[in-house]
There are 2 protein chains.
Amino acid sequence: MIELYELEQLLAFAQYGTLSKAAEEMNLSQPSLTRTMQHIEDEFRVSLFLRSKNRIELNENGKLAVDYTKKVFDDMKDMVEQVRAHDRRRRTITVASYAPAPLWDIPRIFSDYYPEMTVSTEIKNLEQIRLGLKEGIYQFAFLPEMLDSPDYISFPAMKEHLYFAFAPDHALAQEKELYFKDADGFNFLLRSDIGFWDLLCRKKMPASRFLIQTEDIVFTELIKSTSLPCFTSDLVTERAGIDNRISIPILDDEATQTYYLTYKKEYQKIFLPAIEQIKKAEIMK
Amino acid sequence: MIELYELEQLLAFAQYGTLSKAAEEMNLSQPSLTRTMQHIEDEFRVSLFLRSKNRIELNENGKLAVDYTKKVFDDMKDMVEQVRAHDRRRRTITVASYAPAPLWDIPRIFSDYYPEMTVSTEIKNLEQIRLGLKEGIYQFAFLPEMLDSPDYISFPAMKEHLYFAFAPDHALAQEKELYFKDADGFNFLLRSDIGFWDLLCRKKMPASRFLIQTEDIVFTELIKSTSLPCFTSDLVTERAGIDNRISIPILDDEATQTYYLTYKKEYQKIFLPAIEQIKKAEIMK
DNA sequence: ATGCCTTACGTTATACGTAATTATT
DNA sequence: AATAATTACGTATAACGTAAGGCAT
């Protein structure tokens, strides 16, 4: 049988033109290359080289063999890459959501039960999430509704209510409750990576401008030092209240989101403990 | 690096289910297989097996690796096959013709000049011949006309005249010359593998029946012992006359064929001596 | 008890290197 | 003289086998 280490030498010869140069590049002796080329020829049982007394080159057969050899090595490379990628996927749980709040506790919960696995979370739009679920890129996802398919399991895992957060001296700070349209025209500070909420605000308040802050520290600092309005939610307040702001509930239907945890049935058994933990959390009030 | 002999053992294990069985089938010891599987895993740097104390099986990674391994071996097999096929083509001259006569001397002529090469001749229809010339399946071909293309060389190499060969007591035996239609309705003995002539006779003499003889000896014997008419040609007569038959020339245009030797320009230099020999033969009267 | 996998250790095959030879530029 | 390929021979790596141990059915 021809071995790959031999074909590797053949490729080096094809690349460098002489056995000497190829041997040097591979840190081998010239005689080694000579022998290997002879052995490959023996195995093919056809001549692959044109030999003069101190010159050797590929003939037509040899060139063809080199082409195929490249293909074989490409396949080998593919194989290792794909198997490694598959292994990575096997030991990574990826959870997607269209809003940030449902993901806050996810890494901790999964890591508790499966310490050997990597937990990865992503905020994406709904279209991407549904596709990713189907293609197995995401094992779990939070969606705004039940996914009605026999292949999936889906249950309400969390509810979030959005609030305006005004400085005490803001014109609307004394209201009991408001609709989006009531604040349309005011400019707001907004965190980046809040997924769906970003789109919703822009849609509901087309006259407002939203000042996006990528850095969390910068956002917090601006809240303290300016009177610019921003948003908050019951879930945000639970974790860390916002100083010097008055929260006013938003009455629009869309300001209340229910997050449905959704996953393929095949994961029910494997990840049962973590799923139970999410259910038990009962952030569903 | 992973070597093919290792992947071969992996395939055997995938096929036979246990290392012991695989080792037996490959005439190796079980420990050898154990070591190889460990080495493959080392090289992949991911786990490929599910190990219990006295049981080993492929996990998902392993199954994927086996799939890719099959592909690699398919490619290896392809490579050897294709290179060998290419080599065979390289050392075989294949000459095609739409009639048998031009091929009679071809093997001798080419073998004289290129004793290391195999000469193969084929009788095919014109469509197949033109395609085969283009695709390089045939290096040379005899065609009924010049091939007008800058990539090819073409010259008239031979001329053949077809004759009726009647028994002396046949109704038409005393004619000086005839057209096909004059003999339409009589039944003829015919050799198989005469290419174009077969089609021509059937077209020109639709009322006749043709009794095909595959065996040359049978044909000759039937000619001697029956008075059934057959065909001959000037080229046939040159080689071996037919006893007890009277040859009568056929006047239809198609009964005279000029055979044009045709080949790609790239062969002009390589095969010059043989080509010159064919030209010199001057069977063009 | 038998079958299967693994580890440890000794043996053998073979891939590699060194040195010498021949030929070409 | 320098460069290249090949041949011959010695060396070292590593692939293999044998023997022994542990676990499961």
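Conventions adopted
- Residues numbered from 1 in each chain as written.
- Chains lettered and ligands numbered in written order.
- Predicted model: local features only at pLDDT ≥ 70, side-chain atom pairs only at ≥ 80, totals over all residues.
- Heavy atoms only, no water.
- Domains from an automatic or database assignment.
- Contact = heavy atoms within 4.5 Å.
- Buried area = accessible area lost by both parts, 1.4 Å probe.
- Helix = DSSP H or I, 4+ residues; strand = E, 2+ residues; numbered from the N terminus.
- Polar contact = N/O pair within 3.5 Å; in protein donor to acceptor, adjacent residues only side chain to side chain.
- Salt bridge = Lys/Arg side-chain N within 4 Å of Asp/Glu carboxyl O.
- Nonpolar A, V, L, I, M, F, W, Y, C, P; charged D, E, K, R; others polar.
- Phe/Tyr/Trp six-rings, centres within 6.5 Å; stacked < 30°, edge-to-face > 60°.
- Buried < 20%, exposed > 50% of the residue type's maximum accessible area, 1.4 Å probe, protein only.
- Lys NZ or Arg CZ within 6 Å of the ring centre and 35° of its normal.
- Near = heavy atom within 4 Å.
- Axes fitted to C-alpha atoms, helices over the stretch in contact; angles between N-to-C directions.
- Parallel < 35°, antiparallel > 145°, perpendicular 65-115°, else oblique.
- Left-handed = near helix turned anticlockwise from the far one by under 90°.
- Least-squares fit on C-alpha atoms with pLDDT ≥ 70 in both.

Novice: Could you give me a rundown of the domain arrangement of chain A, with the residues and numbers involved?
Specialist: Residues and elements named next belong to chain A. With domains assigned, chain A is organised as domain 1 (4-88), domain 2 (89-153 + 259-280) and domain 3 (159-256). Between domain 1 and domain 2, the C-alpha centre-to-centre distance is 47 Å. Domain 1 puts four residues into the contact, and the matching count from domain 2 is four residues. Overall, the association of domain 1 and domain 2 removes approximately 440 Å² of surface from exposure, summing both partners, and the carbon and sulfur fraction of that is 31%.

Novice: Explain the side chain of Thr262(B) to me, using residue names and the numbers behind them.
Specialist: Residues and elements named next belong to chain B. Of note, Thr262 is situated in strand 11 (residues 256-264). A distance of 3.0 Å separates the side chain of Thr262 from the side chain of Ser154, its partner in a polar contact. If we skip the residues at most four places from it in the chain, Thr262 touches Leu133, Gln139, Phe140, Ala141, Leu143, Leu147, Tyr152, Ile153 and Ser154.

Novice: I'd like a rundown of the interface of chain B and chain A, residues and numbers included.
Specialist: Listed as interface residues are 34 residues of chain B and, on the opposing side, 34 residues of chain A. At the boundary of chain B with chain A, the tally comes to two salt bridges. For the interface between chain B and chain A, the tally reads 12 residue pairs in polar contact (both at pLDDT 80 or more). Elements with a contribution of two residues or more to the side of chain B that touches chain A: helix 1 (4-16), helix 3 (30-44) and helix 4 (60-90) of chain B. With 20 residues, helix 4 of chain B is the single largest residue contributor to the side of chain B that touches chain A. When the residues that make up the side of chain B that touches chain A are grouped by side-chain class, the tally is 17 nonpolar, six polar and 11 charged.

Novice: Give me the lowdown on the packing of aromatic side chains, citing residues and values where you can.
Specialist: Scanning all chains against the criterion turns up 39 aromatic pairs over all chains. Ring centres of Phe110(A) and Phe140(A) lie 5.2 Å apart, and the angle between their planes is 50°; on these two criteria the pair is classed as tilted. Here Phe140(A) lies in strand 5 (residues 140-143) and Phe110(A) lies in helix 5 (residues 106-113), a separation of 30 residues in the sequence. Summarising the burial analysis for this pair, Phe110(A) and Phe140(A) share the class buried. In this structure an aromatic cluster arises from ring pairing among Phe110(B), Tyr113(B), Tyr114(B), Phe140(B), Phe155(B), Tyr263(B), Tyr267(B) and Phe271(B). A cation over a ring is seen here: Lys279(A) above Phe155(A), with NZ or CZ 4.7 Å from the ring centre.

Novice: Outline the protein's contact with DNA strand C, listing residues and values.
Specialist: Near DNA strand C there are 20 residues, and of these Tyr5(A), Ser20(B), Gln38(B), Arg51(B) and Asn54(B) occur at the shortest range. A share of 67% of the atoms of DNA strand C within 4 Å of the protein falls on sugar and phosphate groups. Separating a base nitrogen of DNA strand C from a side-chain N or O atom of Arg35(A) is a distance of 3.5 Å. Within the contact set of DNA strand C, a phosphate oxygen lies 3.4 Å away from a side-chain nitrogen or oxygen of Thr34(B). At the level of elements, helix 1 (4-16) and helix 3 (30-44) of chain A together with helix 2 (19-26), helix 3 and strand 2 (55-58) of chain B are the ones that each hand at least two residues to the surface near DNA strand C. Class assignment of the residues belonging to the surface near DNA strand C gives a composition of six nonpolar, 10 polar and four charged.

Novice: Mind laying out the protein's contact with DNA strand D, listing which residues take part and the relevant values?
Specialist: In the region of DNA strand D, 20 residues are neighbours, and Ser20(A), Arg51(A), Tyr5(B), Ser29(B) and Arg35(B) sit closest. In DNA strand D, the atoms that sit within 4 Å of the protein are 72% sugar and phosphate, with bases accounting for the remainder. Leu19(A) is positioned with one of its backbone polar atoms (N or O) 3.2 Å from a phosphate oxygen of DNA strand D. Contact distances for DNA strand D include 3.3 Å between a phosphate oxygen and a side-chain N or O atom of Thr34(A). Those elements that provide at least two residues to the surface near DNA strand D are helix 2 (19-26), helix 3 and strand 2 (55-58) of chain A together with helix 1 and helix 3 of chain B. Classifying every residue of the surface near DNA strand D gives six nonpolar, 10 polar and four charged.

Novice: Residue-level account of the packing of helix 1 of chain A against helix 3 of chain A, with values.
Specialist: All names here are of chain A. At their nearest, the axes of helix 1 and helix 3 sit 10 Å apart, and the two run at 110° to each other. Judged by the inter-axis angle, helix 1 sits roughly perpendicular to helix 3. Here the hand of the crossing between helix 1 and helix 3 comes out left-handed. For the pair formed by helix 1 and helix 3, the contact residues are Glu6, Leu7, Gln9 and Leu10 on the first element and Ser32, Leu33, Thr36, Met37, His39 and Ile40 on the second. The residue makeup of the contact of helix 1 with helix 3, split by class, is five nonpolar, four polar and one charged.

Novice: So, the relation of the copies chain B and chain A: which residues are in play, and what are the values?
Specialist: By a simple turn and slide, chain B fits onto chain A: the slide is 0.1 Å along the axis, the RMSD is 0.3 Å, and the turn is 179°. Taken together, the rotation and translation describe the operation of a two-fold axis. Taken as a fraction of all interface residues of chain B, those also at the interface in chain A reach 100%, which identifies the copy contact as same-surface.

Novice: Now, about the side chain of Ser233(A): what can you tell me, with residues and values included?
Specialist: Residues and elements named next belong to chain A. Looking at the secondary structure, you find Ser233 in strand 9 (residues 230-233). The class for Ser233 is buried, based on a relative accessible area of 1%. If sequence neighbours within four positions are ignored, Ser233 has contacts with Glu160, His161, Leu162 and Tyr163.

Novice: Summarise unusual backbone geometry; cite the residues concerned and give the values.
Specialist: Residue Arg45(A) is not a glycine yet carries a positive backbone phi of 60°. Following the sequence through the fold, Arg45(A) ends up in the loop between helix 3 and strand 1 (49-52). On the basis of relative accessibility, which here comes to 63%, the residue Arg45(A) falls in the exposed class. Within the chain, Asp193(B) stands out as a residue other than glycine whose phi angle is a positive 55°. Within the fold, Asp193(B) resides in the loop between strand 7 (188-191) and helix 8 (196-204). Its relative accessible area of 60% is what places Asp193(B) among the exposed residues.

Novice: Tell me about the pattern of salt bridges, and name the residues and values.
Specialist: All names here are of chain A. Tallied over the full model, the rule gives 28 salt bridges over all chains. Among the ionic pairs, Glu25 bridges to Lys21, the shortest N-O distance being 2.9 Å. Of this pair, Glu25 and Lys21 both sit in helix 2, four residues apart, which is roughly one turn of that helix. Lys21 sits in the partly exposed class, given a relative accessible area of 34%. Sharing partners across several salt bridges, the network here consists of Asp87, Arg90 and Arg91.

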